[in-house]
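Architecture at a glance
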Amino acid sequence: MSTARTTSTASTAVIIVNSRGQYLLHLRDAHKPICDAGTWSLVGGAPEEGESLDEAMAREILEETGLALPEVTPYTTTTAHGPYVAEGNIHLYTACWDGDARSLPVSEGIMFAWFGLATMDQLSMCPWAHAAIKSHHAERPVSPVPVPRPAGGHGGAGAVKNVIGAHLFLERDGITLLGRRHPDVAFAGGAWHALAGHVERESVRACLVREAYEEAGLMIDPADLQLVHTVHLLDDHQDAEPRIQLFFAPSRWTGEPEVLEPDKCTAWTWWPLDSLPEVTVAYTRAAIDGIRAGTTYTELGWDDLSTPVARRTR
(Lines give C-alpha, C1' and ligand atoms only; values in the text may rest on other atoms or scores of the structure.)
Protein backbone atom coordinates (compact mmCIF):
# COMPACT_ATOMS: atom_id res chain seq x y z
CA MET A 1 0.00 0.00 0.00
CA SER A 2 1.30 3.44 -0.85
CA THR A 3 2.44 5.74 1.94
CA ALA A 4 1.79 8.86 -0.15
CA ARG A 5 0.05 11.85 1.42
CA THR A 6 -3.72 11.47 1.27
CA THR A 7 -6.87 13.54 1.21
CA SER A 8 -9.60 13.62 3.86
CA THR A 9 -11.68 11.18 1.81
CA ALA A 10 -9.49 8.28 3.00
CA SER A 11 -9.46 6.72 6.46
CA THR A 12 -7.70 3.86 8.22
CA ALA A 13 -8.62 0.92 10.45
CA VAL A 14 -6.71 -2.03 11.86
CA ILE A 15 -7.76 -5.67 12.34
CA ILE A 16 -5.97 -6.79 15.52
CA VAL A 17 -6.03 -10.54 16.18
CA ASN A 18 -4.57 -12.61 19.02
CA SER A 19 -3.13 -16.14 19.09
CA ARG A 20 -6.52 -17.54 20.13
CA GLY A 21 -8.13 -16.34 16.90
CA GLN A 22 -10.01 -13.52 18.65
CA TYR A 23 -10.35 -10.01 17.28
CA LEU A 24 -10.03 -6.76 19.23
CA LEU A 25 -13.18 -4.65 18.97
CA HIS A 26 -13.91 -1.13 20.19
CA LEU A 27 -17.42 -0.19 21.40
CA ARG A 28 -18.29 3.23 19.97
CA ASP A 29 -20.33 5.90 21.77
CA ALA A 30 -24.06 5.47 21.18
CA HIS A 31 -25.28 9.05 21.55
CA LYS A 32 -22.81 11.09 19.52
CA PRO A 33 -23.12 12.32 15.92
CA ILE A 34 -20.52 9.84 14.63
CA CYS A 35 -20.60 7.11 12.03
CA ASP A 36 -21.73 3.67 13.24
CA ALA A 37 -22.65 5.03 16.69
CA GLY A 38 -23.23 2.41 19.39
CA THR A 39 -21.62 -0.44 17.45
CA TRP A 40 -18.55 -2.61 17.94
CA SER A 41 -15.93 -1.63 15.38
CA LEU A 42 -12.19 -1.44 14.68
CA VAL A 43 -9.54 0.97 15.89
CA GLY A 44 -8.84 3.64 13.29
CA GLY A 45 -9.46 7.11 11.94
CA ALA A 46 -8.69 9.64 9.25
CA PRO A 47 -5.20 11.03 8.53
CA GLU A 48 -4.39 14.49 9.74
CA GLU A 49 -3.12 17.07 7.28
CA GLY A 50 0.17 15.98 5.73
CA GLU A 51 0.06 12.42 7.19
CA SER A 52 0.51 9.27 5.16
CA LEU A 53 -1.88 6.37 5.71
CA ASP A 54 0.83 4.41 7.55
CA GLU A 55 1.56 7.36 9.84
CA ALA A 56 -2.14 7.90 10.50
CA MET A 57 -2.67 4.26 11.36
CA ALA A 58 0.23 4.18 13.84
CA ARG A 59 -1.01 7.39 15.47
CA GLU A 60 -4.62 6.17 15.76
CA ILE A 61 -3.52 2.89 17.37
CA LEU A 62 -1.39 4.76 19.90
CA GLU A 63 -4.08 7.38 20.66
CA GLU A 64 -6.97 4.93 21.01
CA THR A 65 -5.24 1.98 22.69
CA GLY A 66 -1.90 3.24 24.03
CA LEU A 67 -0.16 0.50 22.01
CA ALA A 68 2.90 0.87 19.79
CA LEU A 69 2.57 -2.32 17.77
CA PRO A 70 5.80 -3.45 16.04
CA GLU A 71 4.21 -4.83 12.86
CA VAL A 72 1.18 -3.14 11.31
CA THR A 73 0.71 -4.46 7.78
CA PRO A 74 -1.44 -3.06 4.94
CA TYR A 75 -4.26 -5.50 4.12
CA THR A 76 -7.03 -4.24 1.82
CA THR A 77 -9.48 -1.39 1.20
CA THR A 78 -13.20 -1.19 1.94
CA THR A 79 -15.89 1.49 1.87
CA ALA A 80 -18.21 2.77 4.59
CA HIS A 81 -21.72 4.09 4.02
CA GLY A 82 -24.41 5.68 6.17
CA PRO A 83 -25.08 8.76 8.34
CA TYR A 84 -22.04 10.81 9.39
CA VAL A 85 -19.74 8.79 7.12
CA ALA A 86 -17.32 11.24 5.53
CA GLU A 87 -14.17 9.22 5.10
CA GLY A 88 -15.25 7.13 2.08
CA ASN A 89 -12.53 4.57 1.39
CA ILE A 90 -11.11 2.84 4.48
CA HIS A 91 -7.60 1.43 4.20
CA LEU A 92 -7.38 -1.67 6.38
CA TYR A 93 -4.28 -2.92 8.17
CA THR A 94 -3.60 -6.05 10.23
CA ALA A 95 -1.62 -6.56 13.44
CA CYS A 96 -1.17 -9.16 16.18
CA TRP A 97 -1.36 -8.59 19.94
CA ASP A 98 -1.90 -10.97 22.88
CA GLY A 99 -2.60 -8.60 25.76
CA ASP A 100 -5.59 -8.03 28.04
CA ALA A 101 -8.20 -5.88 26.28
CA ARG A 102 -9.55 -4.69 29.63
CA SER A 103 -6.19 -3.11 30.48
CA LEU A 104 -6.25 -0.73 27.51
CA PRO A 105 -6.93 2.96 28.18
CA VAL A 106 -10.23 4.16 26.72
CA SER A 107 -9.59 7.61 25.28
CA GLU A 108 -12.58 7.32 22.93
CA GLY A 109 -15.70 5.21 23.01
CA ILE A 110 -16.79 2.88 25.80
CA MET A 111 -14.53 -0.19 26.03
CA PHE A 112 -12.33 -2.75 24.28
CA ALA A 113 -12.90 -6.51 24.21
CA TRP A 114 -11.75 -9.68 22.44
CA PHE A 115 -14.38 -11.58 20.46
CA GLY A 116 -14.35 -14.80 18.48
CA LEU A 117 -15.95 -14.88 15.05
CA ALA A 118 -19.01 -16.86 16.21
CA THR A 119 -19.81 -14.36 18.97
CA MET A 120 -19.66 -11.43 16.53
CA ASP A 121 -22.82 -12.69 14.83
CA GLN A 122 -24.64 -11.89 18.10
CA LEU A 123 -23.21 -8.37 18.41
CA SER A 124 -24.38 -5.04 17.10
CA MET A 125 -21.41 -4.51 14.80
CA CYS A 126 -20.31 -1.89 12.32
CA PRO A 127 -21.23 -3.63 9.01
CA TRP A 128 -18.02 -2.89 7.09
CA ALA A 129 -15.86 -3.94 10.07
CA HIS A 130 -17.80 -7.21 10.47
CA ALA A 131 -17.41 -7.99 6.76
CA ALA A 132 -13.69 -7.17 6.84
CA ILE A 133 -13.05 -9.45 9.82
CA LYS A 134 -14.98 -12.33 8.25
CA SER A 135 -12.97 -11.91 5.06
CA HIS A 136 -9.70 -11.80 7.01
CA HIS A 137 -10.62 -14.93 8.96
CA ALA A 138 -11.54 -16.81 5.77
CA GLU A 139 -8.21 -15.94 4.20
CA ARG A 140 -6.02 -16.35 7.29
CA PRO A 141 -7.80 -18.59 9.81
CA VAL A 142 -6.22 -18.82 13.24
CA SER A 143 -6.87 -21.95 15.29
CA PRO A 144 -7.77 -21.10 18.90
CA VAL A 145 -4.96 -22.01 21.31
CA PRO A 146 -6.16 -23.67 24.54
CA VAL A 147 -4.97 -22.19 27.80
CA PRO A 148 -1.95 -24.25 28.98
CA ARG A 149 -2.66 -26.55 31.92
CA PRO A 150 -0.20 -28.34 34.16
CA ALA A 151 0.13 -32.12 34.10
CA GLY A 152 -2.40 -34.02 36.20
CA GLY A 153 -5.34 -31.75 35.32
CA HIS A 154 -5.04 -29.57 38.42
CA GLY A 155 -5.60 -25.83 38.64
CA GLY A 156 -3.55 -23.09 36.99
CA ALA A 157 -0.54 -21.33 38.41
CA GLY A 158 -2.32 -18.23 39.64
CA ALA A 159 -5.67 -16.93 40.84
CA VAL A 160 -8.05 -15.52 38.21
CA LYS A 161 -11.08 -13.42 39.06
CA ASN A 162 -14.44 -14.87 38.03
CA VAL A 163 -17.38 -12.59 37.21
CA ILE A 164 -20.57 -13.59 39.05
CA GLY A 165 -23.96 -13.38 37.39
CA ALA A 166 -27.31 -13.68 39.18
CA HIS A 167 -30.18 -15.25 37.20
CA LEU A 168 -33.87 -15.74 37.92
CA PHE A 169 -35.45 -19.10 37.11
CA LEU A 170 -39.13 -18.24 37.25
CA GLU A 171 -41.36 -21.27 36.63
CA ARG A 172 -45.05 -21.99 36.92
CA ASP A 173 -47.11 -24.83 35.47
CA GLY A 174 -44.31 -26.06 33.23
CA ILE A 175 -43.46 -22.70 31.69
CA THR A 176 -40.56 -20.36 32.43
CA LEU A 177 -39.98 -16.64 31.95
CA LEU A 178 -37.44 -15.44 29.39
CA GLY A 179 -36.71 -11.97 28.07
CA ARG A 180 -35.77 -11.07 24.50
CA ARG A 181 -32.61 -8.98 24.59
CA HIS A 182 -32.52 -5.75 22.63
CA PRO A 183 -30.70 -6.28 19.30
CA ASP A 184 -28.24 -3.48 20.09
CA VAL A 185 -26.93 -4.76 23.43
CA ALA A 186 -23.30 -5.91 23.54
CA PHE A 187 -24.05 -9.51 24.55
CA ALA A 188 -26.52 -11.85 22.79
CA GLY A 189 -28.54 -9.16 21.04
CA GLY A 190 -31.92 -10.54 19.91
CA ALA A 191 -31.57 -13.78 21.89
CA TRP A 192 -33.83 -15.00 24.70
CA HIS A 193 -32.29 -15.01 28.16
CA ALA A 194 -33.20 -15.38 31.81
CA LEU A 195 -33.67 -12.21 33.84
CA ALA A 196 -30.15 -11.55 35.06
CA GLY A 197 -27.53 -9.07 36.19
CA HIS A 198 -23.89 -8.78 37.20
CA VAL A 199 -23.35 -8.91 40.95
CA GLU A 200 -21.94 -5.61 42.18
CA ARG A 201 -20.87 -4.88 45.78
CA GLU A 202 -23.89 -6.76 47.13
CA SER A 203 -25.01 -10.30 47.85
CA VAL A 204 -26.18 -12.43 44.95
CA ARG A 205 -29.73 -12.56 46.33
CA ALA A 206 -29.77 -8.78 46.79
CA CYS A 207 -28.60 -8.35 43.21
CA LEU A 208 -31.34 -10.58 41.86
CA VAL A 209 -34.05 -8.88 43.91
CA ARG A 210 -32.88 -5.51 42.58
CA GLU A 211 -32.67 -6.68 38.97
CA ALA A 212 -36.10 -8.35 39.08
CA TYR A 213 -37.69 -5.11 40.23
CA GLU A 214 -35.71 -2.78 37.93
CA GLU A 215 -36.09 -4.89 34.78
CA ALA A 216 -39.54 -6.42 35.15
CA GLY A 217 -41.35 -4.89 38.16
CA LEU A 218 -41.32 -8.17 40.08
CA MET A 219 -41.04 -8.08 43.87
CA ILE A 220 -39.21 -10.95 45.58
CA ASP A 221 -38.15 -11.49 49.18
CA PRO A 222 -34.47 -12.55 49.28
CA ALA A 223 -35.37 -15.25 51.81
CA ASP A 224 -37.62 -16.88 49.19
CA LEU A 225 -34.77 -17.43 46.70
CA GLN A 226 -33.17 -20.88 46.45
CA LEU A 227 -30.08 -21.72 44.39
CA VAL A 228 -31.12 -24.31 41.81
CA HIS A 229 -28.24 -24.44 39.32
CA THR A 230 -24.70 -23.14 38.74
CA VAL A 231 -22.96 -22.78 35.37
CA HIS A 232 -19.19 -22.25 35.35
CA LEU A 233 -18.61 -20.68 31.96
CA LEU A 234 -15.59 -19.97 29.80
CA ASP A 235 -16.39 -18.70 26.32
CA ASP A 236 -14.63 -16.77 23.59
CA HIS A 237 -15.42 -13.16 24.44
CA GLN A 238 -13.81 -10.61 26.75
CA ASP A 239 -10.48 -12.41 26.67
CA ALA A 240 -12.05 -15.68 27.86
CA GLU A 241 -13.01 -14.24 31.23
CA PRO A 242 -14.39 -17.01 33.49
CA ARG A 243 -17.93 -16.49 34.76
CA ILE A 244 -19.99 -18.14 37.47
CA GLN A 245 -23.67 -17.98 36.55
CA LEU A 246 -25.97 -18.66 39.50
CA PHE A 247 -29.64 -19.49 38.89
CA PHE A 248 -32.14 -18.94 41.73
CA ALA A 249 -35.80 -19.96 41.90
CA PRO A 250 -38.22 -18.02 44.14
CA SER A 251 -40.81 -19.93 46.13
CA ARG A 252 -43.13 -16.94 45.61
CA TRP A 253 -43.18 -13.49 44.05
CA THR A 254 -45.61 -10.66 43.36
CA GLY A 255 -46.33 -8.79 40.15
CA GLU A 256 -46.48 -9.68 36.47
CA PRO A 257 -43.43 -9.08 34.28
CA GLU A 258 -43.42 -5.85 32.29
CA VAL A 259 -40.75 -4.26 30.10
CA LEU A 260 -39.18 -1.50 32.22
CA GLU A 261 -35.79 -1.27 30.50
CA PRO A 262 -36.63 -1.39 26.76
CA ASP A 263 -33.05 -0.54 25.82
CA LYS A 264 -32.02 -3.91 27.30
CA CYS A 265 -35.09 -6.15 26.96
CA THR A 266 -37.87 -5.82 24.38
CA ALA A 267 -40.29 -8.50 25.66
CA TRP A 268 -41.00 -10.91 28.50
CA THR A 269 -42.59 -14.22 27.48
CA TRP A 270 -43.47 -17.47 29.22
CA TRP A 271 -42.03 -20.48 27.37
CA PRO A 272 -42.68 -24.21 27.86
CA LEU A 273 -39.70 -25.83 29.56
CA ASP A 274 -39.56 -28.49 26.84
CA SER A 275 -39.87 -26.00 23.97
CA LEU A 276 -37.55 -23.05 24.52
CA PRO A 277 -37.08 -20.56 21.66
CA GLU A 278 -34.45 -21.58 19.11
CA VAL A 279 -32.30 -18.51 19.79
CA THR A 280 -31.76 -18.91 23.54
CA VAL A 281 -28.49 -17.99 25.25
CA ALA A 282 -26.53 -21.25 25.37
CA TYR A 283 -25.72 -21.29 29.09
CA THR A 284 -29.32 -20.35 30.00
CA ARG A 285 -30.57 -23.31 27.99
CA ALA A 286 -27.96 -25.54 29.66
CA ALA A 287 -29.05 -24.37 33.11
CA ILE A 288 -32.74 -25.01 32.40
CA ASP A 289 -31.92 -28.44 31.00
CA GLY A 290 -29.89 -29.15 34.14
CA ILE A 291 -32.71 -28.03 36.43
CA ARG A 292 -35.18 -30.27 34.59
CA ALA A 293 -32.72 -33.17 34.88
CA GLY A 294 -32.30 -32.61 38.61
CA THR A 295 -28.64 -31.59 38.40
CA THR A 296 -27.06 -28.65 40.20
CA TYR A 297 -23.89 -27.84 38.23
CA THR A 298 -22.81 -27.43 34.60
CA GLU A 299 -19.44 -26.57 33.07
CA LEU A 300 -19.30 -24.95 29.63
CA GLY A 301 -16.21 -24.25 27.54
CA TRP A 302 -13.45 -25.55 29.80
CA ASP A 303 -12.40 -28.66 27.87
CA ASP A 304 -11.98 -26.91 24.51
CA LEU A 305 -12.04 -23.13 24.08
CA SER A 306 -13.23 -23.47 20.50
CA THR A 307 -16.16 -25.84 21.17
CA PRO A 308 -18.10 -25.43 24.43
CA VAL A 309 -18.95 -28.71 26.11
CA ALA A 310 -21.08 -29.41 29.13
CA ARG A 311 -20.32 -31.43 32.24
CA ARG A 312 -23.06 -31.79 34.83
CA THR A 313 -23.05 -33.18 38.35
CA ARG A 314 -25.84 -33.92 40.78
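Residues numbered from 1 in each chain as written. Predicted model: local features only at pLDDT ≥ 70, side-chain atom pairs only at ≥ 80, totals over all residues. Heavy atoms only, no water.

**Focus on unusual backbone geometry**
A positive phi is found at Asp173, a non-glycine position, where the angle reads about 50°. With respect to the helices and strands, Asp173 occurs in the loop between strand S9 (171–172) and strand S10 (175–181). On the accessibility criterion, Asp173 (79% relative accessible area) is exposed. (Helix = DSSP H or I, 4+ residues; strand = E, 2+ residues; numbered from the N terminus. Buried < 20%, exposed > 50% of the residue type's maximum accessible area, 1.4 Å probe, protein only.)

**So, the pairing of strand S2 (residues 23–27)**
Among the five residues that make up S2, five are buried, leaving the element largely enclosed by the rest of the structure. Taking every second residue as pointing to the same face, both faces of S2 are buried, with Tyr23, Leu25 and Leu27 on one and Leu24 and His26 on the other. Bridging between S2 and strand S3 (residues 40–41) involves two bridges; their strand directions are antiparallel. Each bridged residue has a counterpart across the sheet, and for His26 the counterpart in S3 is Ser41. (Pairing = 2+ DSSP bridges.)

**Here we look at the pattern of salt bridges**
Scanning all chains against the criterion turns up 12 salt bridges. Across the pair Arg59 and Glu63 runs a salt bridge whose closest N-O atoms are separated by 3.2 Å. Residue Arg59 and its partner Glu63 are located together in helix H1 (residues 53–65), separated by four residues, close to a single helical turn. Classification of Arg59 by relative accessible area gives buried; the value is 15%. Exposure remark for Glu63: the relative accessible area of 39% places this residue in the partly exposed category. Between Arg252 and Asp224 there is a salt bridge whose closest N-O contact spans 2.9 Å. In this pair, Arg252 is assigned in the loop between strand S14 (243–250) and strand S15 (265–272) and Asp224 in the loop between helix H4 (204–216) and strand S13 (225–233), connecting sequence segments 28 residues apart. Residue Arg252 is classed as exposed on the basis of its relative accessible area, which comes to 56%. (Salt bridge = Lys/Arg side-chain N within 4 Å of Asp/Glu carboxyl O.)

**A closer look at the packing of aromatic side chains**
Each pair of aromatic rings is reported with the distance of its centres and the angle of its planes. All told, the structure shown has five aromatic pairs when counted by the stated rule. With a centroid separation of 5.2 Å and 70° between ring planes, the pair formed by Trp192 and Trp271 is classed as edge-to-face. With Trp192 in strand S11 (residues 192–193) and Trp271 in strand S15, the pair connects residues that are 79 residues apart, well separated along the chain. Under the relative-accessibility criterion, Trp192 is labelled buried at 10%. On the accessibility criterion, Trp271 (22% relative accessible area) is partly exposed. Their ring planes at 75° and their centres at 6.3 Å tell us that Phe247 and Tyr283 sit as a pair that is edge-to-face. Taken together, the positions of Phe247 in strand S14 and Tyr283 in helix H5 (residues 282–293) put the pair 36 residues apart, joining distant regions of the chain. Each of the two residues, Phe247 as well as Tyr283, counts as buried. Taking NZ or CZ as reference, Arg172 lies 4.1 Å from the ring centre of Trp270, over its face. (Phe/Tyr/Trp six-rings, centres within 6.5 Å; stacked < 30°, edge-to-face > 60°. Lys NZ or Arg CZ within 6 Å of the ring centre and 35° of its normal.)

**Structural notes on the nonpolar core**
Within the largest apolar cluster, 22 residues are counted, with the highest numbers of intra-cluster contacts made by Leu25, Leu42 and Trp128. Where this core is concerned, the elements lending two or more residues are strand S1 (10–17), S2, strand S6 (89–96), strand S7 (111–115) and helix H3 (127–139). For this core, the element with the most residues is H3, which contributes four residues. With residues up to four places along the chain from it excluded, the contact list for Leu25 reads Trp40, Ser41, Leu42, Met111, Phe112, Ala113, Phe115, Met120, Leu123, Met125 and Ile133. (Core = buried A, V, L, I, M, F, W, Y, C linked by side-chain atoms within 4.5 Å. Contact = heavy atoms within 4.5 Å.)

**Overview of the environment of Arg181**
As for its position among the elements, Arg181 is in strand S10. Exposure remark for Arg181: the relative accessible area of 21% places this residue in the partly exposed category. In the structure, Arg181 is positioned 84 residues away from Cys265 in sequence and 4.4 Å away in space, judged by C-alpha atoms. Setting aside residues no more than four positions away along its own chain, Arg181 makes contact with Phe187, Ala188, Gly189, Gly190, Ala191, His193, Lys264 and Cys265. At 2.7 Å, the side chain of Arg181 forms a polar contact with the backbone oxygen of Phe187. (Polar contact = N/O pair within 3.5 Å; in protein donor to acceptor, adjacent residues only side chain to side chain.)

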